[in-house]
Amino acid sequence: MIKPLLALLAVSFSLSVGAQTYPNRAIKMVIPFAAGSATDILGRVIAKELTDKLGQPVIVETKPGAGTAVAAAYVTNSAPDGYTLLLGTNATFAVNPILYKKLPYDPADFKMVAAAGGMPSFLLVGGGSKYKTFGEFIKAAKDNPGKLTYGSSGVGSTGHLVGKVLENAAGIELLHIPYKDGPLGLTATITGEVDAIFYTSIAAMPMIKAERVRPLAVSTAKRTVELPNVPTIAESGIPTFDLAGWVVLAAPARTPQPIVEKLRLAMLELYGLPAYQERLESIGMVTQKLTGKELDAFVKQEQVRMVDVAKRSNIQPE
């Protein structure tokens, strides 16, 4: 018993000393989606700002797969010293526990540091698609149950969830085609391999501007700043529809609180920068200023909400 106790005390002492000097080397921010995805683009914005605030490089590393589970498991198995962080999403902390009977991680294995922002999803069709409006798409889906396809960045992604909720709300049946990552799903939409995708403007804007994809509607209750002419799903015939992804900077649960506080304070500084907020809005993000107990309460509330959404949308765990 003495040796394990001494080892534990040594680790605790090491973490305590490390917290006082943190950070004194590069920090890795793990992104659970592929390069070029919405979360990756957001992560690089945050990494640049945190590098300036913390005085050490914040390096982005993408680890896509299994609806964010690959990245989440990697981070929970990393040393809880503040040098390996996760930019997790609603899929990581609220959706995956509903979709999967077994996960290689537990959402409780994380400490929430700060919210990074909300991500509206747009129903996008290819530039050459015959569907010009949201109404036309829904009518076609009703006339052809299970025939219209939509891509996503994988089972459990926000795009997958929005599609399932829309099916239930509109009384339609769509065929979900999961891809390894969002950019592949977007490419499939452009080429016509799938009829549509629920995707973020942050990652799709170059293709929207080039008219290679066409946004028909947005999933949030309000129209967005960057695409003000795109109607909401709610105003397009499905009242009260309001669903968005969200992103949170998180650390392994055993990370010393002083380190978490340093990261939280750095994020709070970002929240206070008008240029940072404008940058988020310009790439299609909804600013969320949540940390500490307020953020914990938000995540728990979303977990309860997703259970309700799953029940109403008949989403079964796999």
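Just so it is clear, the structure is predicted and the values come from calculations on it, not from any experiment.

Caption draft 1: How the structure looks around the overall build of the protein. The secondary structure content of the protein amounts to eleven helices and ten strands. Relative to its full complement of 318 residues, the protein shows a buried share of 55%. By element, 56% of the accessible surface of the protein is carried by carbon and sulfur atoms, the whole surface being about 14100 Å². In the protein, which carries 32 positive and 27 negative side-chain charges, the distance between the mean positions of the two groups comes to 3 Å.

Caption draft 2: Expanded view of the layout of surface pockets. In this structure, the largest pocket spans a volume of roughly 410 Å³. What lines the largest pocket is a set of 23 residues, and nearest its centre among them are Gly118, Pro120, Thr220, Ala244 and Val286. For the lining of the largest pocket, the elements supplying multiple residues, two or more each, are strand 4 (110-120), strand 10 (244-252) and helix 11 (292-312). Its residues placed into classes, the lining of the largest pocket shows nine nonpolar, seven polar and seven charged. By volume, the second largest pocket amounts to about 250 Å³. Forming the walls of the second largest pocket are 15 residues, and the residues nearest its centre are Phe110, Lys111, Met112, Gly292 and Asp296.

Caption draft 3: Local environment of the packing of aromatic side chains. Here the structure, examined in full by the defined rule, presents six aromatic pairs. Centre to centre, the rings of Tyr22 and Tyr83 are 5.1 Å apart; their planes meet at 65 degrees, and the pair counts as edge-to-face. A residue pair is termed long-range when its members are at least 10 positions apart, and Tyr22 in the loop between helix 1 (2-21) and strand 1 (27-31) and Tyr83 in the loop between helix 3 (69-76) and strand 3 (84-89) qualify at 61 residues. Take Tyr22 and Tyr83: they sit in the same class, and that class is buried. Counting every residue linked through ring pairs, the aromatic cluster contains Phe93, Tyr105 and Phe110. The ring of Tyr83 is capped by Arg25, whose NZ or CZ atom sits 3.7 Å from the centre of that ring. One residue, Lys63, lies across the ring of Tyr74, its end atom 4.4 Å from the ring centre.

Caption draft 4: Inspection of empty space enclosed by the protein at higher detail. Applying the stated criterion to the full structure yields two cavities of 30 Å³ or more. By volume, the largest cavity amounts to about 240 Å³. Along the wall of the largest cavity there are 19 residues; nearest its centre are Phe33, Met119, Ser153, Thr158 and Thr200. Examining the composition of the lining of the largest cavity, we find that three residues originate from one element, strand 10, more than from any other. When the residues that make up the lining of the largest cavity are grouped by side-chain class, the tally is seven nonpolar, twelve polar and no charged. Within this model, the second largest cavity holds a volume of roughly 30 Å³. Val95, Ile98, Leu99, Leu161, Met306, Val309, Ala310 and Ile315 are the residues that line the second largest cavity.

Caption draft 5: Structural detail: the pattern of salt bridges. On inspection of all chains with the given rule, the structure shows ten salt bridges. As a salt-bridge pair, Asp81 and Arg25 come within 3.4 Å of each other at their nearest N and O atoms. Within this pair, whereas Asp81 is found in the loop between helix 3 and strand 3, its partner Arg25 is found in the loop between helix 1 and strand 1, the two being separated by 56 residues in sequence. The class for Asp81 is buried, based on a relative accessible area of 17%. Judged by its relative accessible area of 43%, Arg25 falls in the partly exposed class. For Glu302, the salt bridge goes to Arg305, with nearest N and O atoms at 3.4 Å. Placement of both Glu302 and Arg305 in helix 11 is noted, with a separation of three residues, approximately one turn of the helix. Taking relative accessible area as the criterion, Arg305 reaches 31% and is therefore assigned partly exposed. One connected set of salt bridges, linked through shared partners, spans Lys28, Glu61 and Lys63.

Conventions we followed
- Residue numbers run consecutively from 1 along every chain, following the written order of its sequence.
- Whole-chain, interface and lining totals are the exception, using all residues; otherwise, since this is a predicted model, local features are given only for residues with pLDDT of at least 70 and side-chain atom pairs are given and counted only at 80 or more.
- The basis for every side-chain value is the complete set of non-hydrogen atoms in the structure, without hydrogens or water.
- Secondary structure elements follow DSSP: runs of H or I of four or more residues count as helices, runs of E of two or more count as strands, with numbering from the N terminus.
- Only protein chains enter the accessibility calculation, which uses a 1.4 Å probe; a residue is then buried when its area is under 20% of its type maximum, exposed when over 50%, and partly exposed in between.
- Reported accessibility uses the Shrake-Rupley method at a 1.4 Å probe radius. Residues are deemed covered only where the shown protein chains occlude them.
- All tallies of charge rest on Lys and Arg as positive and Asp and Glu as negative; His and the ends of each chain are not included.
- Each charge is placed at NZ for Lys, CZ for Arg, CG for Asp and CD for Glu.
- In this analysis the probe radius is 1.4 Å and the grid spacing 1 Å, with only protein atoms considered; a cavity is a set of points the probe fits into but cannot get out of, a pocket is an open set with protein on both sides within 12 Å along at least five of seven lines, and lining residues have an atom within 4 Å of a point.
- Grid points are joined across faces, edges and corners, and a volume is the space filled by probe spheres set on the points.
- Any residue that is not Ala, Val, Leu, Ile, Met, Phe, Trp, Tyr, Cys, Pro, Asp, Glu, Lys or Arg is counted as polar, Gly included; the first ten are nonpolar and the last four charged.
- Any Phe, Tyr or Trp ring, taking Trp's six-membered ring, that has another such ring centre within 6.5 Å forms a pair; planes under 30 degrees apart are called stacked, those over 60 apart edge-to-face, and the others tilted.
- Remark: a charge is flagged as sitting over a ring if the NZ atom of Lys or the CZ atom of Arg is within 6 Å of the ring centre and within 35 degrees of the ring normal.
- Think of a salt bridge as a Lys or Arg side-chain nitrogen and an Asp or Glu carboxyl oxygen that are within 4 Å of each other.

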